[in-house]
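Inside the fold
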Amino acid sequence: MNACIQNQAETLPNPFSDVPTEHWAFKAVMTMHYCGAFRKATPPALFQKLQPTNSQQQPQKEPQFQK
């Protein structure tokens, strides 16, 4: 997560055998893989931690207004 926050995803392990480190798009590919498609997006691992629990996902009853 720190690598994404610091915009240094290219320092993480390369999971792609067809994208060498010297390729012009290497940093963009690594950033998209580890951090998401949008710059400064929430990293997938952090997003999973932020998912609401089942009790938080229960729909709230809308307030009823008297006519």
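Now for a description of the structure that goes with this document. As the structure is a prediction and not an experimental result, all values here were calculated from the model.

Okay, the overall build of the protein chain next. What the protein chain contains, in helices and strands, is three helices and zero strands. For the protein chain, the sequential pattern of α-helices and β-strands runs α-α-α. Here the protein chain, with 67 residues, has 16% of them falling under the buried criterion. Contacts in the protein chain between residues far apart in sequence, at least 24 positions, make up 23% of those at least 6 positions apart. A total accessible area of about 6000 Å² is found for the protein chain, and carbon and sulfur atoms account for 56% of it.

Among the nonpolar cores identified, the biggest contains six residues, and these are Cys4, Ala9, Val19, Phe26, Met30 and Cys35. Ranked by the residues each element gives to this core, the list is headed by helix H2 (residues 26-35), at three residues. Not counting residues up to four positions away in its chain, the partners in contact with phenylalanine 26 are Glu10, Asn14, Val19, Pro20 and Thr21.

Take unusual backbone geometry next. Even without being glycine, asparagine 7 reaches a positive phi, approximately 55°. Residue placement: asparagine 7 occurs in the loop between helix H1 (2-5) and H2.

Rules behind the numbers
- Think of each chain on its own: its residues are numbered from 1, step by step along the sequence as written.
- Per-residue local features of the predicted model are confined to residues with pLDDT of at least 70, and side-chain atom pairs are confined, for both listing and counting, to 80 or more; whole-chain, interface and lining totals are unaffected and use all residues.
- Heavy atoms from the whole structure form the basis of all side-chain values; hydrogens and water molecules are not counted.
- Here a strand is any run of E in DSSP of at least two residues, a helix any run of H or I of at least four, and the numbering for each starts at the N terminus.
- Categorising residues by exposure relies on relative accessible area from a 1.4 Å probe, with only protein chains included: less than 20% of the type maximum marks a residue as buried, more than 50% marks it as exposed, and the intermediate range marks it as partly exposed.
- Working rule for contacts: check all heavy atoms of both residues, and any pair within 4.5 Å makes them a contact.
- Note on areas: Shrake-Rupley, 1.4 Å probe, and residue coverage restricted to the protein chains presented here.
- Joining through side-chain atoms within 4.5 Å is the link that ties buried Ala, Val, Leu, Ile, Met, Phe, Trp, Tyr and Cys residues into a set, and such a set is a nonpolar core.

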